[in-house]
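Below are the chains, spelled out letter by letter.
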Amino acid sequence: MKRSILFLAITLTIAGGAQAQTLSSKQQYTTDTKNAANRYAEDKKLCAEEASSAARMQCLRDAKSEYNSALAAAKANSNSNVNSNKAVTVSTKQLDSCIGCGKVVAVNVNDKDGEGSALGVIAGGVAGAILGNQVGNGTGRDLATIAGAAGGAYAGRKIEQKAKSSKIWEVTVQYDNGERNTFNFDHDPGLSNGDLIKNAGSSIVRR
C-alpha cells in the first residue's frame with residue numbers, strides 16, 4: 001500500500017511540474033526539484049514505518065530511485081522548454097526581419113511627354129517657313145521665313161511630344177527598415193496606399 005502511495009506521489013509531482021506552463025524554464029526547474037525533494041522526504045518517513053528493516057531498506061532504495069527519476073524528468077522538461085522558447089524567438093525574428101518588405105505610402109499618376117523625332121521638327125519647320133514667307137517682302141520676308149521655320153520646328157516637336165505622351169504610375173514605398181524608394185510603372189500596377197509589398201527583382205509585388 002505504501003509503495004503504491006509512493007509511486008503515485010512521484011507521478012503527481014512530475015505531472016504537476018509539466019502542467020505549470022506559466023513559469024519560466026528556470027522557475028519551473030526550481031519548483032520541480034523542490035517538489036521532488038519534499039516528496040522524497042515524505043517517502044522516507046513512510047519507509048520508516050515499514051515493519052522490517054529489509055522492507056525499510058527496499059523502500060528507501062525505491063524512494064531514492066524515484067527521486068532521481070523526478071530530478072531527471074525536471075531537467076528534461078526544463079531543457080524542452082528552453083528549446084521551445086528558442087524556436088519561438090527565432091521564428092518571431094524571421095517574421096519581423098522580412099528583407100525587402102514594406103508598404104506603399106503614395107501612388108501618383110503623371111503624364112509623360114513622348115520623344116520628339118526629326119520628322120516632327122522638319123514638318124514643323126517647313127510649315128513655319130511657308131507661313132513666314134507670306135509675310136512682307138524683300139529682306140523682311142527672308143527674316144520672317146527664317147523666324148517662321150525656327151518657330152515651326154519648335155512647335156512641331158512639341159506637338160509630336162504631346163501626341164506621343166503617356167501616363168506613368170509613381171509608387172513610393174517605405175520599407176520596414178525605414179528606407180524609402182520610388183518605382184515607376186508604364187501601366188497601372190494595381191497598388192494602393194497602405195498595401196504591403198516586397199521586392200521582386202528590380203520591381204515590387206504585393207505580399
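Residues numbered from 1 in each chain as written. Predicted model: local features only at pLDDT ≥ 70, side-chain atom pairs only at ≥ 80, totals over all residues. Heavy atoms only, no water.

J.: Lay out the overall build of the protein in plain terms, naming residues and giving numbers.
T.: If you tally the helices and strands in the protein, you get five helices and five strands. Helices and strands appear in the protein in the N-to-C order α-α-α-β-α-α-β-β-β-β. Per-residue burial for the protein yields a buried fraction of 24% across its 207 residues. Long-range contacts, defined here as pairs at least 24 residues apart, represent 62% of the contacts in the protein between residues at least 6 apart. Carbon and sulfur atoms make up 56% of the accessible area of the protein, which amounts to about 13500 Å² in all. (Helix = DSSP H or I, 4+ residues; strand = E, 2+ residues; numbered from the N terminus. Buried < 20%, exposed > 50% of the residue type's maximum accessible area, 1.4 Å probe, protein only. Contact = heavy atoms within 4.5 Å. Areas by Shrake-Rupley, 256 points an atom, 1.4 Å probe, with all protein chains shown as cover.)

J.: How would you explain the confidence of the model for the protein if you had to name every residue and give the values?
T.: For the protein, the average pLDDT comes to 75, and 56% of its residues sit at 70 or higher. Across the protein, the element-wise mean pLDDT spans from 50 in helix 1 (residues 2-19) up to 95 in strand 3 (residues 180-185). Every residue in residues 17-21 scores below 50 in pLDDT, and together they form five contacts with partners more than four places removed in sequence or on other chains. (pLDDT = per-residue confidence, 0-100.)

J.: Give me the nonpolar core: which residues, what numbers.
T.: Among the nonpolar cores identified, the biggest contains 10 residues, and these are Val-104, Trp-169, Val-171, Val-173, Tyr-175, Phe-183, Phe-185, Leu-191, Ile-197 and Ile-204. Of all the secondary-structure elements, those providing two or more residues to this core are strand 2 (166-175) and strand 3. If you tally residues by element for this core, the top one is strand 2, at four residues. If we ignore the near neighbours within four places in the chain, the residues touching Leu-191 are Val-104, Val-107, Val-171, Ile-197, Ile-204 and Arg-206. (Core = buried A, V, L, I, M, F, W, Y, C linked by side-chain atoms within 4.5 Å.)

J.: Go over the sheet that holds strand 4 (residues 196-200), please, and point to the residues and values.
T.: Spatial ordering of the open sheet is given by 3-2-1-4-5, a layout of five strands whose pairing is antiparallel. Looking at strand neighbours, the two that pair on one side only are strand 3 and strand 5 (203-206), the edges of this open sheet. With strand direction ignored, the average angle separating the axes of adjacent strands in the sheet is 40°. (Pairing = 2+ DSSP bridges. Axes fitted to C-alpha atoms, helices over the stretch in contact; angles between N-to-C directions.)

J.: Before we move on, could you go through the environment of Asn-110 and cite the residues and values that matter?
T.: By secondary structure assignment, the location of Asn-110 is in strand 1 (residues 101-112). Asn-110 sits in the partly exposed class, given a relative accessible area of 31%. Sequence separation between Asn-110 and Lys-167 is 57 residues, and the spatial gap between their C-alpha atoms is 5.6 Å. In this structure, Asn-110 is in contact with Ser-166, Lys-167, Ile-168 and Glu-170, ignoring residues within four places of it in sequence.

J.: Any chance you could break down the state of the cysteines for me, citing the residues and the numbers?
T.: Using the criterion set out here, one finds two disulfides in the structure. Between Cys-47 and Cys-59 runs a disulfide, and the two sulfur atoms are separated by 1.9 Å. Disulfide Cys-47-Cys-59: the torsion about the S-S bond is -70°, which places it as left-handed. Highlighted residues: Cys-47 in helix 2 (residues 25-47) and Cys-59 in helix 3 (residues 53-96), separated in sequence by 12 residues. For the residue pair Cys-47 and Cys-59, the accessibility class agrees, reading buried in each case. Residue Cys-98 pairs covalently with Cys-101 via a disulfide, S to S 1.7 Å. Listing the disulfide partners of the protein by sequence rank of the bonded cysteines yields 1-2, 3-4. (Disulfide = S-S within 2.5 Å.)

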